[in-house]
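Fold and contact review
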Amino acid sequence: MAAPPREQAWWTPAVPFASGAVAGGVVKTFTAPLSRSTILLQTAGHGSMVQAASGAGGARSASELAVGYLAHVRASEGVVAFWKGNGTSILQKMATTGSNYFVYERLKELLRPIWKSDDDVGFPARLAAGSLAGAANVTLAYPLDVVRTNIASSSKRAAGAERWAGIAETFRLLYRTHGLRGFARGLPATQLCQGANIGLHFGIYETLNTNAALAATFSRACGYEPALESGDRPRSSFAWSMVCGSLAGLVASTLVQPLDLVRRRQQLVGSKDAGRPFWAVAAALARAGGPAALYRGLLPELCKVCLFPASGLNFYVYELVRQDIFGHTTGIR
């Protein structure tokens, strides 16, 4: 006689949020230097980069300017500068990542009518669920994202002090300068950017990661243990998660980079770009610095999601915490 199904604990519905929050906090801590490097390059003016890199033999190419500017930041502010704003960043990342997984898992079930089959979610449903989750959740934690951008892009002159501005100081500075509207600067571009980014990450990663044929081919080619377990919610090996995460991060980050750059510039205190449509800001940047200007900061971002790789580690830690710590193994990936 089959055993009756085990009754779920009262906290079970919160497992995706808690697991996602842990994954987001862990990954963000390790990738903080690359994240701040990306923001610095996105928000710096072209003239500032040329001036900062002038000590490097008059660097002129985009890559030389980027390296010279980051070297200038390290020399003037110290190595610890690349972790500036990490406290705000972790809070924001835990909130949004936890919410992304929570909403994604539920939207995926609601989108069953467009699943590829009864036991295969398919790329379109994953993309739609991830995009809707990303756009909705970034809105809820958006004030923290604006604060984090201003902290990470500022120098020790921020808020008129001889030290870096903290969370409370930056909140006050934004409110004094722009009022409550200051915490919604760049929101439309961010919703579009993060919706596409999260949707592509979820869609590409899970579609690749749950493909048994691809996983088996990877296992045979690399000689690792089976890359994919059996069951309704199979967990992949660490190596297979890193490969799928790197591919998802490469595609998603490259496609949304221009939008990410525009939204960061719109978030800055005193920025004249905040009241302009994001396509107008993008066009102005392209006219001033060529098409390459829209991809400023892409290199450290790709290092973060591909070489580290943050995307694969995020998904791996999520499933690890969800299944091994909380024992929650239900639901089709």
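Note: the structure precedes this text.
What you see is a predicted model, and the numbers here were worked out from it, not measured in a lab.

1. What to know about the overall build of the chain
Looking only at helices and strands, the chain features 13 helices and zero strands. Each helix and strand of the chain, ordered N terminal to C terminal, gives the series α-α-α-α-α-α-α-α-α-α-α-α-α. Evaluated residue by residue, the chain yields a buried proportion of 52% over its 333 residues. Taking the intrachain contacts of the chain between residues at least 6 apart in sequence as the baseline, contacts between residues at least 24 apart amount to 77%. Only carbon and sulfur atoms are counted for the fraction: they give 64% of the accessible area of the chain, which is about 15700 Å².

2. Let's talk about the packing of aromatic side chains
Summed over the entire model, instances satisfying the criterion amount to ten aromatic pairs. Their ring planes at 80 degrees and their centres at 5.4 Å tell us that Phe-202 and Phe-315 sit as a pair that is edge-to-face. With a gap of 113 residues between them, Phe-202 in helix H8 (residues 187–209) and Phe-315 in helix H13 (residues 310–325) connect regions that are remote in the sequence. Per residue, the accessibility class of Phe-202 equals that of Phe-315, and both read buried. Judged by centre distance (5.0 Å) and plane angle (35 degrees), the rings of Phe-218 and Trp-240 are tilted. Of this pair, Phe-218 sits in helix H9 (residues 212–222) while Trp-240 sits in helix H10 (residues 238–267), and the two are 22 residues apart along the sequence. Overall, the relative accessible area of 6% leaves Trp-240 in the buried class. Taken together, the ring pairs in this structure connect Tyr-101, Tyr-104, Phe-202, Tyr-205, Phe-315 and Tyr-318 into an aromatic cluster. Between Arg-106 and the ring centre of Phe-102, over which it is positioned, the NZ or CZ distance is 4.1 Å. Above the face of the Tyr-316 ring, Arg-235 is positioned so that its terminal group lies 5.4 Å from the ring centre.

3. Some words on the environment of Thr-177
Structurally, Thr-177 can be placed in helix H7 (residues 167–178). Relative accessible area serves as the criterion here: at 40%, Thr-177 is assigned to the partly exposed category. Taking the C-alpha atoms as reference, Thr-177 lies 7.3 Å from Val-269; in sequence the two are 92 residues apart. Looking at Thr-177, its side chain comes within polar contact range of the main-chain oxygen of Leu-173, at 2.7 Å.

Cut-offs used in this document
- Residues numbered from 1 in each chain as written.
- Predicted model: local features only at pLDDT ≥ 70, side-chain atom pairs only at ≥ 80, totals over all residues.
- Heavy atoms only, no water.
- Helix = DSSP H or I, 4+ residues; strand = E, 2+ residues; numbered from the N terminus.
- Buried < 20%, exposed > 50% of the residue type's maximum accessible area, 1.4 Å probe, protein only.
- Contact = heavy atoms within 4.5 Å.
- Areas by Shrake-Rupley, 256 points an atom, 1.4 Å probe, with all protein chains shown as cover.
- Phe/Tyr/Trp six-rings, centres within 6.5 Å; stacked < 30°, edge-to-face > 60°.
- Lys NZ or Arg CZ within 6 Å of the ring centre and 35° of its normal.
- Polar contact = N/O pair within 3.5 Å; in protein donor to acceptor, adjacent residues only side chain to side chain.

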